[in-house]
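# Tertiary structure, described
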Amino acid sequence: MLNRLTDTLNFQTQALTLRAERQRLLASNIANADTPGYQARDINFAKALREATGEVATNGALQTTQRGHIAPLAGARGESGKEYALQSQTSLDSNGVDMDRERASFADNSVKYEATLRFINGSVRTTLDAMKSYNQS
């Protein structure tokens, strides 16, 4: 039972970390909307989550070869995990930020970040309720 709870919380924690990283990237894209030559970046969330949970091998990932080595943080990714966003139209200054797409992605990711927080909160609350004695209700 405890392993299942821990696994669920670890999965949600990894998802939350990746959502926060994606939010940072989207905010950076919006902030650089007027920077000439700036190319919008994003991460493929589903692929990143599969890599963070160990479902898919990560190219160039750090490997621990001995017990004393410190494992990388779950979901920790280098520049290789970030992709350039596709340009919907060209601009004279070679800026690749589409503000409509970035705002929509930012709002969507914000809602999903909040949902992940609610999942974690619900799991913890359910566990705490299950641990209460009958007399404390």
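Read on for a plain summary of the structure. (Residues numbered from 1 in each chain as written. Predicted model: local features only at pLDDT ≥ 70, side-chain atom pairs only at ≥ 80, totals over all residues. Heavy atoms only, no water.)

Broken down by element type, the protein chain carries three helices and two strands. Counted from the first residue to the last, the protein chain has its helices and strands arranged as α-β-α-β-α. Put simply, the protein chain has 137 residues, and 26% of those count as buried. Sequence-distant contacts, at least 24 apart, represent 79% of the contacts inside the protein chain between residues at least 6 apart. (Helix = DSSP H or I, 4+ residues; strand = E, 2+ residues; numbered from the N terminus. Buried < 20%, exposed > 50% of the residue type's maximum accessible area, 1.4 Å probe, protein only. Contact = heavy atoms within 4.5 Å.)

Now for the nonpolar core. Judged by nonpolar contacts, Ala15, Leu18, Phe45, Ala48, Leu49 and Ala52 together constitute the single largest core of six residues. Looking at this core, the elements with two or more residues in it are α1 (2-31) and α2 (45-52). By residue number, the principal contributor to this core is α2, which donates four residues. Within the second largest apolar cluster, five residues are counted, among which are Ala33, Tyr38, Ala40 and Ala85. (Core = buried A, V, L, I, M, F, W, Y, C linked by side-chain atoms within 4.5 Å.)

The next subject is the environment of Asp93. Counting through the fold element by element, Asp93 comes out in the loop between β2 (82-84) and α3 (99-131). Residue Asp93 is classed as partly exposed on the basis of its relative accessible area, which comes to 33%. Along the primary structure Asp93 and Pro36 are separated by 57 residues, whereas in three dimensions their C-alpha atoms are 5.0 Å apart. Those residues in contact with Asp93 that sit more than four places away from it in its chain are Asp34, Pro36 and Gly37.

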